[in-house]
Amino acid sequence: MAEALRVGIAGLGTVGASVARVLRDKGAELTRQCGREIVVTAVSARDRTRDRGVDLSGTQWFDDPIELAEKADIDVFIELIGGDEGAARACVRAALDAGRHVVTANKALLAKHGVALAEVAEKKGVLLNYEAAVAGGIPVIKTMREAMAGNTVTRVFGILNGTCNYILTRMEAEGLTFEACLADAQRLGYAEADPTFDIEGNDTAHKLAILTSLAFGSKIAADDIYLEGISNITQADIRAAAELGYRIKLLGVAQRTESGIEQRVHPTMVPTASVIAQVHGVTNAVAIETDILGELLLSGPGAGGNATASAVVGDIADIAKSRPGFQHGPVFGRPAKELKPYKKAQMRSHAGGYFIRLTVHDRIGVFAAIAKRMADNDISLESIVQHANGTEGGIAQKTVILVTHETTEAAVRKAVDGVTKDGHLTDKPQVIRIERAG
Ligand SMILES: NC(=O)c1ccc[n+]([C@@H]2O[C@H](COP(=O)([O-])OP(=O)(O)OC[C@H]3O[C@@H](n4cnc5c(N)ncnc54)[C@H](OP(=O)(O)O)[C@@H]3O)[C@@H](O)[C@H]2O)c1
């Protein structure tokens, strides 16, 4: 049997401790599958005394993960610390410089420094594997990097944040407010104490940036992503969506258009009958649309210790199975030097259907004024629904819901600005993009 593969794990939190546990509990099975043993020889975390729920006897402890990356007796360095700078970035770079294979689950690091790190890995002839960084346990990186050769991707989109999907699912199923669902998500450990990063879409954007690069061969450009979170979604939107045959999901979407690549994260209406609309709770899903394959949808657990560890262990097993001296495939599906500069499509030129919810004075002429603003901007309407809301503070109000045929973002913004200027609104207008989904 070949020599054992020696692994060092930096970070023993939710994911790191699970990885150590899976490698120990499934050791015999992994040895059979890989033809060699996988042994954890070194670990690092901040607190040496904390019980990690896994037997770490026989492993060398490093207080400094950079020292582990450079000096430990290892073949593979596993980074499970997190963060786009600091210790995580420094130790990944040190491991690559030292010619060690690296496995990481760190989307923030890859979204910011992925291309530079890929260049080092490719120069050194080592692997930089990151399956767990996007959609946790779903094998989407392998699928895009290895199983879709020859396909030209036209669009990739997905539900990439379990916290947001959990909140939206419960809002719809139980008629609860955003705030109540967020509080439950925090109580159940699905959301961080500071949930901003999840609910404002930043976490989805990091994952989308990586998918965009794999899909279109462009350099990662996380800072160029259009971002809108879910905190302003109300029961009125959820109910109106259901009435019109849609469900609201926070989607990350990357799409090739005539003017460049669109990257956007925002609440999105998808047809209730579409496959992605059936993805509930903390589950994630990624849809990949290509010229040869059509639309492929992968769905499954996107976070949590075990699901994420499954992807990390899969990456380690790939390294254990790789033949010595074998030239490894490029990190982002094509050599890092050949990744093209990202050509950004302006959000104003985004084309699609729109849901527009307006709360207006219930008086004569308002509806005609709204219709005129839409017509002036060449927006054709697929449906119009009106409800009287009754009287609030002595003001009679109604809700007007418009669903447009395909139009542009610029036209919708101009029309809604016009309606606002006309002085008919009694509340902020709500605009939600509609995404085509099979
Ligand atoms: N949790 C998930 O479901 C999930 C899913 C997909 C991807 N990920 C990614 O996986 C990575 C790890 O996430 P996690 O949830 O496991 O985080 P976590 O529970 O906060 O664990 C972080 C670990 O890093 C250690 N650490 C922090 N700073 C360190 C330093 N300077 N030197 C050495 N060790 C240090 C901590 O040590 P102490 O324990 O001693 O404090 C802890 O063990 C992140 O990149 C995250 O984005 C997580």
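Residues numbered from 1 in each chain as written. Predicted model: local features only at pLDDT ≥ 70, side-chain atom pairs only at ≥ 80, totals over all residues. Heavy atoms only, no water.

A contiguous nonpolar surface patch, about 250 Å² in accessible area, is contributed by Leu188, Tyr190 and Val282. You can see tyrosine 190 is positioned in the loop between helix H8 (178-187) and helix H9 (196-199). Given the relative accessible area of 38%, tyrosine 190 is considered partly exposed. (Patch = residues over 30% accessible without salt bridge, like charges linked within 9 Å, V, L, I, M, F, W, Y side chains within 5 Å. Areas by Shrake-Rupley, 256 points an atom, 1.4 Å probe, with all protein chains shown as cover. Salt bridge = Lys/Arg side-chain N within 4 Å of Asp/Glu carboxyl O. Helix = DSSP H or I, 4+ residues; strand = E, 2+ residues; numbered from the N terminus. Buried < 20%, exposed > 50% of the residue type's maximum accessible area, 1.4 Å probe, protein only.)

With 15 residues, helix H10 (residues 202-216) ought to run about 21 Å at 1.5 Å a step, and its terminal C-alpha atoms sit 21 Å apart, in line with that. Glycine 217 lies just past H10 and shows a positive phi near 65°. (Expected span 1.5 Å × (residues − 1).)

Here, UniProt's "binding site: L-homoserine" (unreviewed entry) annotation points to Glu192. Structurally, the position occupied by glutamate 192 is in the loop between H8 and H9. Setting aside its immediate chain neighbours within four residues, glutamate 192 contacts Gln186 and Asp198. (UniProt positions renumbered as here; feature names shortened; annotations may be inferred. Contact = heavy atoms within 4.5 Å.)

Within this structure, the stated rule accounts for 31 salt bridges. Here arginine 32 ties to glutamate 29 by a salt bridge, and the two come within 2.9 Å at their closest N and O atoms. You can see arginine 32 and its partner glutamate 29 sitting in helix H2 (residues 27-34), 3 residues apart, about one turn around the helix. Accessibility expressed as a relative area gives 62% for arginine 32, which makes it exposed. Glutamate 29 gets classed as partly exposed once you look at its relative accessible area, which sits at 33%. In this structure, the salt-bridge partner of arginine 93 is aspartate 97, at a minimum N-O distance of 3.2 Å. Pair noted here: arginine 93 and aspartate 97 are both in helix H4 (residues 86-97), with a separation of 4 residues, about one helical turn. Overall, arginine 93 belongs to the partly exposed group, its relative accessible area being 39%.

Turning our eyes to something else, we now look at the sheet that holds strand S3 (residues 60-62). Strand order across the open sheet formed by 6 strands is S3-S2-S1-S4-S5-S6, with parallel pairing between neighbours. Single-partner strands in this sheet number two, and they are S3 and strand S6 (128-129). Sheet topology places strand S4 (residues 76-79) next to strand S5 (residues 101-104); 4 bridges connect them, and they run parallel. In the strand pairing of S5, isoleucine 78 is matched with valine 103. Sheet strands touched by helix H12 (residues 305-321): strand S1 (5-10), strand S2 (38-44), S4, S5 and S6. Its angle to S5, the strand with the most contacts, is close to 165°. (Pairing = 2+ DSSP bridges. Axes fitted to C-alpha atoms, helices over the stretch in contact; angles between N-to-C directions.)

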